[in-house]
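Below, each chain spelled out in residue letters.
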Amino acid sequence: MSVSRRRFTQEFKDELCREVISTSKPIKDVATAYGVGPETLRNWLIKYREANGGTETELTVSERARLKELERENQELRAETAFLKKATAYFAREQR
């Protein structure tokens, strides 16, 4: 039993790619909404970015500052988590 492949127009592919880029929605969500496989949409997106020179915009100064702040906060939280894991192991031994 053969299954016929669906064919999509280039305009449809480009529209989905623009939606993923402009709205920052996950590829999986956009693909599901339009009845396309996530890997298929991911491949279209790679080709779209190559053809259009990676149309994503550069970060603004405020966005870079916010990103740096979030990275610093992430690093601090990871350090706290590591410390608490070690402390938990230490205090758990004393209770036995």
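Not measured: the values here are computed from a predicted model.

Further remarks concern the overall build of the protein. On a plain count of helices and strands, the protein comes out with four helices and zero strands. Listing each helix as α and each strand as β along the protein from the N terminus yields α-α-α-α. Expected size for 96 residues packed as a compact globule is a radius of gyration near 12 Å; at 22 Å, the protein overshoots this value by more than 25%. Taking all 96 residues of the protein together, the buried fraction comes to 15%. Of the contacts made within the protein by residues no fewer than 6 positions apart, 44% connect residues no fewer than 24 positions apart. Surface accessibility of the protein: about 8500 Å² in total, with carbon and sulfur atoms responsible for 52%. In the protein, the 19 positive side-chain charges and the 16 negative ones have mean positions that sit 7 Å from each other.

The next subject is the UniProt feature "coiled-coil region" (unreviewed entry) in the protein. What UniProt calls "coiled-coil region" (unreviewed entry) maps, in this numbering, to residues 60-87. For residues 60-87, the end-to-end C-alpha separation is 41 Å, with 96% helix and 0% strand making up the annotated structure.

What follows deals with helix H2 (residues 27-34). Those residues of H2 lying buried are Ile 27, Val 30 and Ala 31. The buried side chains of H2 occupy one side of the element, clustering within an arc of 100 degrees when seen end-on. H2 presents Lys 28, Thr 32 and Ala 33 as exposed residues on the side facing more than 90 degrees away from its buried surface. Where H2 is buried, its residues contact helix H1 (10-23) and helix H3 (38-51). Following H2 by one or two positions, Gly 35 has its phi on the positive side, about 75 degrees.

Our focus in this paragraph is unusual backbone geometry. In this structure, Ser 24 takes a positive phi of about 60 degrees despite not being glycine. Its place among the elements puts Ser 24 in the loop between H1 and H2. For Ser 24, a relative accessible area of 62% gives the class exposed.

Cut-offs applied
- Residues numbered from 1 in each chain as written.
- Predicted model: local features only at pLDDT ≥ 70, side-chain atom pairs only at ≥ 80, totals over all residues.
- Heavy atoms only, no water.
- Helix = DSSP H or I, 4+ residues; strand = E, 2+ residues; numbered from the N terminus.
- Rg over C-alpha atoms; globule rule 2.2 N^0.38 Å.
- Buried < 20%, exposed > 50% of the residue type's maximum accessible area, 1.4 Å probe, protein only.
- Contact = heavy atoms within 4.5 Å.
- Areas by Shrake-Rupley, 256 points an atom, 1.4 Å probe, with all protein chains shown as cover.
- Lys, Arg positive; Asp, Glu negative; His and termini not counted.
- Charge placed at Lys NZ, Arg CZ, Asp CG, Glu CD.
- UniProt positions renumbered as here; feature names shortened; annotations may be inferred.
- Arc of directions from axis to C-beta.

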